[in-house]
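Close look at the chain arrangement
What follows is each chain in one-letter form.
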Amino acid sequence: MSSKVDTGDYKDTSSKVMKRVVYNRFGGPEVLEVEETLIPQPKKGQVLVRMFATSINGGDLQVRNGGSGKLINKFAKFPKTIGQDVVGKVDKLGPDVTDFKVGDMVWGNTTTDTNATAQYVVIDTNKLSLMPSKISPIEAAAFPCAGITALVALVDKGKLKAGDQVLIRGAGGVGIFAVQIAKALGAYVTVLGSKATTDELMNYGADKVFDYRKTSPEELELFDIIFDTVGTEQDAFRKKLKPDGKLLTITISVSKLISVALSTRHGQHRTRLVIAFPNRKNLTYLAKLVDDGDIVPVINSIYPMERIVEAHRHAESRGILGKIIITIP
Ligand SMILES: NC(=O)c1ccc[n+]([C@@H]2O[C@H](COP(=O)([O-])OP(=O)(O)OC[C@H]3O[C@@H](n4cnc5c(N)ncnc54)[C@H](OP(=O)(O)O)[C@@H]3O)[C@@H](O)[C@H]2O)c1
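Residues numbered from 1 in each chain as written. Predicted model: local features only at pLDDT ≥ 70, side-chain atom pairs only at ≥ 80, totals over all residues. Heavy atoms only, no water.

Considerations on the overall build of the protein chain
Scanning the protein chain from N- to C-terminus turns up 10 helices and 16 strands. The globule rule puts the C-alpha radius of gyration for 329 residues at 20 Å, and the 20 Å found for the protein chain is close to it. Projected onto its principal axes, the C-alpha coordinates of the protein chain cover approximately 70 × 40 × 40 Å. Put simply, the protein chain has 329 residues, and 50% of those count as buried. A separation of at least 24 residues holds for 65% of the contacts in the protein chain among residues at least 6 apart in sequence. Accessible surface for the protein chain amounts to roughly 15600 Å². Of this, 53% is attributable to carbon and sulfur atoms. Each charge class in the protein chain can be summarised by its mean position, and for the 44 positive and 36 negative side chains these summaries are 5 Å apart. (Helix = DSSP H or I, 4+ residues; strand = E, 2+ residues; numbered from the N terminus. Rg over C-alpha atoms; globule rule 2.2 N^0.38 Å. Buried < 20%, exposed > 50% of the residue type's maximum accessible area, 1.4 Å probe, protein only. Contact = heavy atoms within 4.5 Å. Areas by Shrake-Rupley, 256 points an atom, 1.4 Å probe, with all protein chains shown as cover. Lys, Arg positive; Asp, Glu negative; His and termini not counted. Charge placed at Lys NZ, Arg CZ, Asp CG, Glu CD.)

Encoded structure:
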């Protein structure tokens, strides 16, 4: 006979259904649909989170479009789920979990599981921390993937220090937080962004903004750190590094992987491919930066989960500033 522990607002969800977003083939936003499925149950080291909000990241669009490459796509299993950013309330603890309690408001990132556009998500506790206390869950959903990527690149890998000249190439979801983090750490921040968003970028901490459609790398000065969120023309941008400068990229074509690996070891102008994995430590640090007011959420628009197709269409339009948030009913 099983006995239930009283955990406050705990409800038995093991036989209940939830809604989540899935797709059954690669393609445009129209492949996305909302379906019902059983609520997953947390295992050892995991918790079940009742989701409040998630966000759309550039990578979600690429994977949904089949942009991971023919080889990976060949082995894809459908239905596929989508979304990484988790903001919500801990609903149920897996066996032996003691680092969170039911009712905690948390944020995190499911990384490769990409199953966060759903009413409930099971997630490893080391991919979660308490969410910032001074912002709402909707605002918090802007941060986990994008904010951690900018933080890991500039702070952990870039070792950015006050006075550094930094170029942020691409002011999308990741870039807008990179601008703010670089500024908060005392860098002089140049941005290659969209002309339409120049004024906002200056308000978020950019010292100079150039329109990427009209500016070639040759026209720029030299930098201590170039943070590239675009992944093209990297040879031209490496020439714009100071002697000890670093080019940190978060996206790269497969054909460039070997030259990047060699430059990391031998090149004077090093290129580093940064893959950011959110964990308790960096999520907690990001929450502190947010609560201290060093970085603020940048939200372009908010859609309920039922309007996921429209939300993805919007995310695919060009020249938008800030994140698109999905609220979960
Ligand atoms: N390695 C990692 O751990 C990691 C983590 C997160 C994301 N990523 C990858 O990083 C990339 C960016 O992600 P994201 O979420 O920031 O995407 P995003 O929100 O779609 O932003 C992309 C931005 O790049 C701008 N852009 C496009 N071409 C440009 C150019 N030639 N020069 C300057 N800016 C340009 C776009 O401006 P317009 O809209 O005006 O074109 C847009 O603002 C994606 O490929 C994503 O998969 C990697």
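After that view of the structure, there is still more to cover.
Side note on the side chain of K323
Summarising the element assignment, K323 is placed in strand β16 (residues 323–327). Among buried Asp, Glu, Lys and Arg side chains, K323 stands out as unpaired, with D85 the closest opposite charge at 4.3 Å. Separated by 2.5 Å, the side chains of K323 and N57 make a polar contact. Once residues within four sequence positions are removed from consideration, K323 is found in contact with S55, I56, N57, D85, A142, A146, G173, F177, V298, I299, N300 and S301. (Salt bridge = Lys/Arg side-chain N within 4 Å of Asp/Glu carboxyl O. Polar contact = N/O pair within 3.5 Å; in protein donor to acceptor, adjacent residues only side chain to side chain.)

Quick notes on the sheet that holds strand β1 (residues 17–23)
Two pairing modes exist for strands in a sheet, parallel and antiparallel, and in both the strands are linked by backbone hydrogen bonds. Spatial strand order, β2-β1-β4: three strands in an open sheet with antiparallel pairing. A single partner strand is all that each edge strand has here, and the edge strands are β2 (32–38) and β4 (80–81). Pairing geometry for β1 and β4, over two bridges, is antiparallel. Paired with Y23 across the two strands is K80, which belongs to β4. (Pairing = 2+ DSSP bridges.)

Some details on the pattern of salt bridges
This model, assessed by the stated rule, comprises 13 salt bridges. What you see here is one network of salt bridges that share partners, running through R169, D228 and E233.

Fair warning: the whole summary comes from geometry, so function is off the table for now.
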